[in-house]
Each structure stands twice: as C-alpha cells, then as structure tokens.
Amino acid sequence: MSAPRLDETHDPARRSWVESANAPDCDFPIQNLPYGVFSEGGGARRVGVAIGNMILDLTATEAQGRLGPGAPVFGEGVLNPLMARPQADWDEMRRRIAGLLDERAGARDLPMVAQGDVEMHLPAYIRGFTDFYASREHATNVGSMFRDPENALLPNWLHVPIGYNGRASTVVVSGTEITRPLGQLKAPDDEAPRLGPSERLDFEVELGALVGTGNAMGQPMTTAEAFDAIFGYVLLNDWSARDIQVWEYQPLGPFQSKAFGTTISPWVVTRAALEPFRTQPPSRVKPLLPYLSEAGPNNFDIVIEGDLAPDGCAPRTILRTNARWLYYSAAQQLAHHSLSGCAMETGDLLGSGTISGAEQDSWGSLLELTWNGRDPVQVEGGTRTFLQDGDTVTLRGWCQRRYRVGFGACAGTIRPAPEWRK
Ligand code: CA
C-alpha cells in the first residue's frame with residue numbers, strides 16, 4: 001500500500017471510558033489496542049487487549065458473544081488463531097474492540113482485569129525465528145571494530161537484507177530470567193579454546209515482526225504483500241555472547257552465541273495501530289533490485305530506549321534510538337525471506353537486527369556503546385563494559401503524536417551460568 005491507511009480507530013479525539021487510557025503519555029490509549037496473553041493466579045491463559053492500566057479479557061468477552069459473528073479466535077489463549085484469519089478480520093476485530101472501549105459505548109460491564117494483577121506469557125506460538133542485520137550504522141560499527149574501518153560494510157550489505165535462522169525455542173516473554181551461556185572461548189592469542197561462561201554478554205535492541213499471513217512454498221511475496229502479512233510488532237532483545245560469537249561465527253554465522261535466549265515484549269502492537277507512524281527509510285546508497293522496491297513508506301517512527309540496572313540498583317537510561325533508521329524494513333526482510341520460495345507461516349518472528357543511529361548514544365548494544373569494552377558506560381553504582389550477573393536490561397518503545405502508541409517494557413535479568421557437569 002502506498003499511503004498510511006487511517007480510519008475511525010486512529011481518530012486522535014477518540015477517548016475511552018477507561019480513564020487511565022486518556023493520558024497523553026499512556027502507552028495504551030484506545031488508538032493502540034495491542035494484544036497479549038495473560039493468566040491470573042496460575043489459571044488458564046487468556047487473550048486480552050491493553051487499555052490504560054487495564055486489560056479487556058477477550059477470551060471471556062468472546063465467550064459472552066460480545067465480539068460479533070465469525071469463528072471464535074480467542075478460546076485457545078494464544079494469538080495464532082486470530083493471526084491466521086484473513087487480514088480484513090484483523091481490522092474488523094480492531095473496530096469492534098474500539099467500539100466496546102469507546103467512552104460513548106453504552107455497556108461497560110465488560111470482563112476487565114488490572115495489568116498489575118496478572119502474569120504475562122508469550123503472545124503467540126513462535127513458529128520460527130529469523131534475525132536480520134538491517135541497521136547500516138550497526139553493521140558499519142561492527143565491521144569497523146572487527147574488520148576494516150575503510151571497508152566496514154561487506155559488499156553484499158547494500159543489496160541483500162542479511163539474516164540467519166535463529167532459535168524459536170528460546171524466545172521468551174519479558175520478565176523471564178536469562179542464564180549466562182557456557183561456550184567455547186578463545187582470545188586471539190590463546191593457542192586453543194577453553195570452556196567457560198561467556199565473559200562478554202551483551203544485549204541487542206531490535207524490533208520484532210510477527211507474521212500473520214504466510215505464503216505457499218515456492219511462491220514469493222511482494223513487499224506490499226509482506227507489509228500487509230505482518231500482524232504486529234514487539235520490542236525484541238537478541239541477547240548475544242560476543243566472545244562465543246567471535247570464535248564460532250565463521251563461516252556459517254552466529255550459532256550458540258545467540259541461541260540461549262531472545263526476549264520479546266508481551267504486547268503485540270498491530271500493524272494497523274502503527275499506520276499513522278509510517279515513515280520513509282533512509283536514502284539508498286545503491287539502487288535495490290526491483291523485488292525490494294517499496295510503493296510507500298514502510299518504516300516506523302518508533303523511539304526505543306534501553307535501561308541498565310545492576311542488581312539492587314536503580315535503572316539508568318544508556319541509549320535512545322529509533323526504528324525509522326533501519327535501512328531495510330520488515331516488509332523488505334519478509335519479501336526477501338520468501339524470495340527463494342521459503343514458506344513463511346503464522347507465528348514466524350523476524351528480528352530487525354540491532355538498531356543503531358548515527359550518534360553514539362543511539363547505538364543499540366554494549367558492543368558499540370563501549371566500543372568492544374574500551375569505553376565503559378556509567379550505570380548506577382559503577383560502570384559496565386558487558387553484562388554482569390544480576391543486571392537487568394529493559395527496553396521501552398513508543399510512537400508519539402497527539403497520542404502515544406507504546407510497546408510497554410521488554411525486560412530480562414541475567415542469572416549465573418550453570419556449573420559444567422562431567
Ligand atoms: Ca541480532
């Protein structure tokens with residue numbers, strides 16, 4: 001689609017009868033309506049939509065027959081059944097939910113729960129996880145550090161959305177603890193590798209795209225189809241063990257250095273909610289092949305901040321970046337992923353790659369912020385080059401105009417590595 005598609009669900013004047021949703025800096029106003037999965041007191045998982053500091057229980061609302069006609073989609077307590085429905089159904093569901101929560105709605109006896117009273121879970125069954133490398137500034141920084149500052153970008157980078165197939169099994173929801181990985185470590189001067197806990201544990205600030213509509217094997221998607229096929233977006237932290245990575249990554253790319261954990265935020269902000277925030281990508285250094293051309297602005301103006309808190313200390317914001325600087329959009333990545341005929345499926349997750357901007361405080365990893373450990377960053381009560389046990393990393397993201405479309409938090413705390421058992 002060439003231009004943002006706006007309807008009454010984007011009206012900035014619209015207000016909800018849930019008063020907390022109407023504050024200008026609330027992440028979850030009636031124009032957002034992100035989906036998540038929650039439980040109360042160890043009970044069954046239910047689908048909900050965030051509104052202000054509350055959740056509308058969609059599983060219960062649907063069971064009461066109040067979401068209108070159509071196949072039930074929320075009974076399984078996971079988003080995949082809705083994501084697998086035709087795209088027109090996503091828009092219709094958004095309109096219905098907005099109608100129920102609008103301040104002009106008659107009935108307010110809906111099943112609501114406070115966000116503070118629930119446990120959040122993975123919003124979708126993640127079918128596959130692919131991680132890309134779409135920030136030119138990030139790729140340039142890494143290439144400068146480990147190869148050659150004069151030729152930091154590899155020759156393919158300006159033509160191909162670079163990616164690798166990651167692990168879906170260790171994609172976890174915000175709040176899940178991350179265990180420091182064991183791995184093979186080898187400093188440049190070491191004669192042989194040794195086994196040990198990673199000593200260069202890092203985070204990566206990314207945007208995650210969740211595929212709703214797939215493609216048949218052998219049938220590539222266009223970028224326009226791919227843009228529409230994405231159900232929604234989450235914040236994503238691609239935890240990375242730099243010392244394991246630098247030893248293992250040639251010639252096939254990252255493996256164990258990325259496989260031990262990937263954290264996503266619990267609320268899926270729909271593509272529909274992000275329509276008003278579509279923006280042009282950075283200008284092209286080299287022309288892209290036609291299959292990667294885009295008819296309209298497919299990037300999003302999303303501010304993302306990263307906080308770091310040592311164990312028992314207050315968090316300090318150590319970076320502020322923006323998803324608009326990504327050189328390749330999620331739609332381009334998805335189109336490229338399907339180009340070979342690779343089948344993409346409902347619940348596939350695409351990571352954007354670390355999001356870094358031009359300025360140092362917009363770099364999306366400790367590797368860059370500390371320039372591979374050379375320049376420690378200040379945190380409460382000390383400094384950091386890489387993550388220590390007990391450290392908590394929290395990402396927060398939002399789009400802001402007259403109202404805010406927020407993602408909530410994407411947080412994880414580092415636990416010590418396990419003892420190796422012989
Ligand atoms: Ca990554």
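Residues numbered from 1 in each chain as written. Predicted model: local features only at pLDDT ≥ 70, side-chain atom pairs only at ≥ 80, totals over all residues. Heavy atoms only, no water.

Q: Explain unusual backbone geometry to me, please; I cannot follow it from the model alone.
A: Backbone geometry follows two general trends: most residues other than glycine have a negative phi, and most peptide bonds adopt the trans configuration. Each neighbour pair has its own omega, and for Q250 with P251 the value is 10°, a cis peptide bond. With respect to the secondary-structure elements, P251 resides in the loop between α6 (242-248) and α7 (256-259). Its identity is not glycine, yet W371 carries a phi of approximately 45°, on the positive side. Here W371 is to be found in the loop between α10 (366-369) and β23 (377-379). (Helix = DSSP H or I, 4+ residues; strand = E, 2+ residues; numbered from the N terminus.)

Q: How should I be thinking about the domain arrangement of the protein in this particular structure?
A: By convention, interface size is frequently given as the accessible area that disappears when the constituent parts associate. What the domain assignment lists for the protein is domain 1 (8-121) and domain 2 (129-415). For domain 1 and domain 2, the distance between their C-alpha centroids amounts to 28 Å. Carbon and sulfur atoms supply 64% of the area that domain 1 and domain 2 bury against each other, a total of about 2300 Å² over both sides. Our enumeration of links across domain 1 and domain 2 arrives at 0 salt bridges. Across the domain 1-domain 2 interface, the total number found is 8 residue pairs in polar contact (both at pLDDT 80 or more). At the level of elements, β1 (35-39), β2 (46-51), α2 (80-83), α3 (87-101) and β5 (119-121) are the ones that each hand at least two residues to the side of domain 1 that touches domain 2. Among the elements that make up the side of domain 1 that touches domain 2, the one with the highest residue count is α3 (4 residues). Split into classes, the residues belonging to the side of domain 1 that touches domain 2 amount to 17 nonpolar, 8 polar and 4 charged. (Domains from an automatic or database assignment. Buried area = accessible area lost by both parts, 1.4 Å probe. Salt bridge = Lys/Arg side-chain N within 4 Å of Asp/Glu carboxyl O. Polar contact = N/O pair within 3.5 Å; in protein donor to acceptor, adjacent residues only side chain to side chain. Nonpolar A, V, L, I, M, F, W, Y, C, P; charged D, E, K, R; others polar.)

Q: Before we go on, may I ask you to explain the sheet that holds β5 in this structure?
A: Adjacent strands of a sheet pair through backbone hydrogen bonds, lying either parallel or antiparallel. Taken in spatial order, the 5 strands make up an open sheet running β4-β3-β2-β1-β5, and their pairing is antiparallel. Each having just a single partner strand, β4 (112-114) and β5 make up the two edges of the open sheet. When strand polarity is set aside, the average angle formed by the axes of neighbouring strands in this sheet is 45°. The pairing of β1 with β2 spans 4 bridges and is antiparallel. If you follow V37 over to β2, its bridge partner there is V47. (Pairing = 2+ DSSP bridges. Axes fitted to C-alpha atoms, helices over the stretch in contact; angles between N-to-C directions.)

Q: I keep staring at the nonpolar core and nothing clicks. Help me out?
A: In terms of nonpolar packing, the biggest core is built from 63 residues, with F203, Y233, L274, I302, L334 and L387 touching the most fellow members. Setting aside its immediate chain neighbours within four residues, Y233 contacts L207, G208, A209, W267, V268, V269, R271, L274, F300, A330 and F407. In terms of nonpolar packing, the next biggest core, distinct from the first, is built from 38 residues, I30, V37, L82 and M93 among them. (Core = buried A, V, L, I, M, F, W, Y, C linked by side-chain atoms within 4.5 Å. Buried < 20%, exposed > 50% of the residue type's maximum accessible area, 1.4 Å probe, protein only. Contact = heavy atoms within 4.5 Å.)

Q: Hey, could you run me through helix α4 (residues 136-146) in this one?
A: Owing to its 3.6 residues per turn, the α-helix brings residues three or four apart onto one side. For α4, the full list of buried residues reads H138, A139, N141, V142, G143, S144 and M145. In this fold, the buried residues of α4 make contact with α10.

Q: I would appreciate a short explanation of the packing of aromatic side chains in the present structure.
A: For any pair of aromatic rings, the description rests on two quantities: the centre-to-centre distance and the angle between the ring planes. Here the structure, examined in full by the defined rule, presents 11 aromatic pairs. Centre to centre, the rings of Y35 and F231 are 5.8 Å apart; their planes meet at 35°, and the pair counts as tilted. Of this pair, Y35 sits in strand β1 while F231 is found in strand β14 (residues 230-237), placing the two residues 196 residues apart along the sequence. With a centroid separation of 5.1 Å and 70° between ring planes, the pair formed by Y233 and F300 is classed as edge-to-face. Within this pair, whereas Y233 is found in strand β14, its partner F300 is found in strand β19 (residues 299-300), the two being separated by 67 residues in sequence. Assigned by exposure class, Y233 and F300 land together as buried. An aromatic cluster is built from Y35, F74, W90 and F231, whose rings are joined through pairwise contacts. Across from the ring centre of Y327, 4.5 Å away, lies the NZ or CZ of R284, which sits over that ring. (Phe/Tyr/Trp six-rings, centres within 6.5 Å; stacked < 30°, edge-to-face > 60°. Lys NZ or Arg CZ within 6 Å of the ring centre and 35° of its normal.)

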